[in-house]
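# Results of the structural survey
Chain by chain, the residues run as shown.
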Amino acid sequence: MAESTEQTDFLWKGKDKSGKVITGESSALNEAAVKAELRSRTIRAISIKKKPKALFSKATAPVTTKDIAIFARQLATMLQAGVPLVQSFDIVGKGHDNPTMASMLLDIKVDIESGDTLHQALAKRPIYFDELFCNLVEAGEQAGVLETLLDKIATYKEKSESIKAKVKKALTYPIAVLVVAFVVTAILLIFVVPVFKDLFDSFGAELPSFTLWVMGLSDWMVAYWYYVVGGVMATVYTFGYFKKRSKEFNYFLDRTMLKLPIVGIILHKSAIARFARTLSTMSAAGVPLVEALESVAGATGNIVYYNAVMHMREEVSTGQRLQYAMQQTKLFPHMVIQMLAIGEESGSIDKMLDKVADFFEEEVDNLVDNLSSLMEPLIMSVLGVLVGGLIVAMYLPIFKLGAAVG
């Protein structure tokens with residue numbers, strides 16, 4: 001039977017070289033591994049036992065891209081302060097709020113203590129540390145400037161997270177409000193309108209056409225609400241299924257999103273900002289252009305731009321200049337191409353692209369703010385028409401009866 005590779009948390013007590021009793025916590029495959037770790041730290045083990053699991057433990061939290069960005073900044077800061085790499089992982093891992101992230105960092109620490117370089121240890125976890133991250137770390141290790149490269153990675157991750165949050169805000173805010181409007185309308189049709197219908201039936205009076213239409217819609221919702229719920233769930237499931245498995249669907253979706261008014265402009269500018277920020281970071285690290293473009297393509301966040309950058313990579317690999325390859329894609333503004341051309345001629349591509357990234361990130365920020373300001377009155381109007389229309393439909397017969405009595 002193969003031996004389990006799952007690590008367990010152990011609590012230990014031991015004595016250091018001076019005879020002082022100390023306690024601690026380690027993650028290892030078994031007790032023997034913990035003893036070996038303590039011996040390497042010149043600690044004589046007194047007792048080792050498995051850490052008991054909490055009775056009401058929190059659900060396992062996933063490792064997010066924000067966690068990775070914060071980790072990169074913390075590690076860069078510690079290395080710049082002169083803290084050894086292994087000790088930095090120990091400090092960051094044990095102090096992390098996310099138990100999944102903490103466990104992973106302590107596992108990386110064990111890999112480094114076992115002889116792996118940092119980029120080798122990170123490359124074993126491609127779900128969390130992409131090729132771009134690992135390539136930059138490797139370049140920093142080879143050049144002896146790991147802390148400098150980690151600082152660049154941290155800045156890159158922070159900027160990327162910031163622009164992703166802005167784009168997410170632009171897309172999710174109106175969708176969330178419209179979903180709430182749909183739910184409120186459905187509740188009114190299923191639970192509130194039937195009460196008014198019973199009241200009007202007792203009057204026996206002729207009802208306005210608008211009220212009859214709303215009551216008919218309510219009858220349909222009460223009778224077939226499960227079709228509506230089933231249809232919504234089936235649509236969401238089908239969308240998620242094809243988004244995960246179909247390149248053609250993702251290409252169609254991304255291309256369609258780029259053509260939308262306002263939102264499409266935000267997506268265009270955010271993709272260009274990511275392209276410029278990523279290529280700037282990799283150029284500053286000395287990564288060869290052809291190799292860098294492959295990582296840059298995946299960082300754009302849009303399959304249309306991904307295909308364009310991969311085409312640029314093929315052109316550059318045959319000897320064509322990057323600015324001409326960019327012109328052929330017809331996706332990048334003239335200003336970006338000219339800034340890149342100046343950077344190529346002056347040997348400062350990283351600085352020029354950094355300025356491009358700053359400019360387009362600010363553009364995205366302004367567009368998101370403008371979109372939010374534009375959407376608020378529009379969404380309020382939609383809510384007013386939906387909810388207000390239902391209320392008017394229910395009160396029209398009452399007003400009509402009141403006028404007749406008067």
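Calculation notes
- Residues numbered from 1 in each chain as written.
- Predicted model: local features only at pLDDT ≥ 70, side-chain atom pairs only at ≥ 80, totals over all residues.
- Heavy atoms only, no water.
- Helix = DSSP H or I, 4+ residues; strand = E, 2+ residues; numbered from the N terminus.
- Rg over C-alpha atoms; globule rule 2.2 N^0.38 Å.
- Contact = heavy atoms within 4.5 Å.
- Areas by Shrake-Rupley, 256 points an atom, 1.4 Å probe, with all protein chains shown as cover.
- Lys, Arg positive; Asp, Glu negative; His and termini not counted.
- Charge placed at Lys NZ, Arg CZ, Asp CG, Glu CD.
- Axes fitted to C-alpha atoms, helices over the stretch in contact; angles between N-to-C directions.
- Parallel < 35°, antiparallel > 145°, perpendicular 65-115°, else oblique.
- Nonpolar A, V, L, I, M, F, W, Y, C, P; charged D, E, K, R; others polar.
- Core = buried A, V, L, I, M, F, W, Y, C linked by side-chain atoms within 4.5 Å.
- Buried < 20%, exposed > 50% of the residue type's maximum accessible area, 1.4 Å probe, protein only.

Let's shift gears to the overall build of the protein chain. Helix and strand counts for the protein chain come out as 15 helices and 3 strands. For 406 residues, the compact-globule estimate of 2.2 N^0.38 gives 22 Å, and the C-alpha radius of gyration of the protein chain, at 30 Å, exceeds that figure by more than 25%. Projecting the C-alpha coordinates of the protein chain onto the three principal axes gives extents of approximately 100 × 65 × 40 Å. Put simply, of all contacts in the protein chain between residues at least 6 apart along the chain, 60% involve residues at least 24 apart. Accessible surface for the protein chain amounts to roughly 23200 Å². Of this, 61% is attributable to carbon and sulfur atoms. Mean positive and mean negative side-chain charge positions of the protein chain (42 and 43 charges, respectively) differ by 5 Å.

Where helix H11 (residues 289-299) contacts helix H12 (residues 303-317), the two axes come as close as 8 Å, and the packing angle between them is 175 degrees. Taken as axis vectors, H11 and H12 run roughly antiparallel relative to one another. Along its contact with H11, which presents Leu 289, Val 290, Leu 293, Glu 294, Val 296, Ala 297 and Gly 298, the element H12 presents Tyr 306, Val 309, Met 310, Met 312, Arg 313, Val 316 and Ser 317. In terms of residue class, the contact of H11 with H12 is made up of 10 nonpolar, 2 polar and 2 charged.

Glancing now at the nonpolar core. Counting 78 residues, the largest nonpolar core has Phe 71, Ile 108, Phe 129, Phe 133, Phe 275, Met 326 and Phe 332 as its most contacted members. The element contributing the most residues to this core is helix H15 (residues 349-405), with 11 residues. Apart from the residues within four sequence positions on either side, Phe 133 is in contact with Ile 68, Phe 71, Ala 72, Leu 122, Ile 153 and Lys 157. Of all hydrophobic cores here, the second largest spans 14 residues; its members include Ala 186, Val 193, Ala 393 and Met 394.

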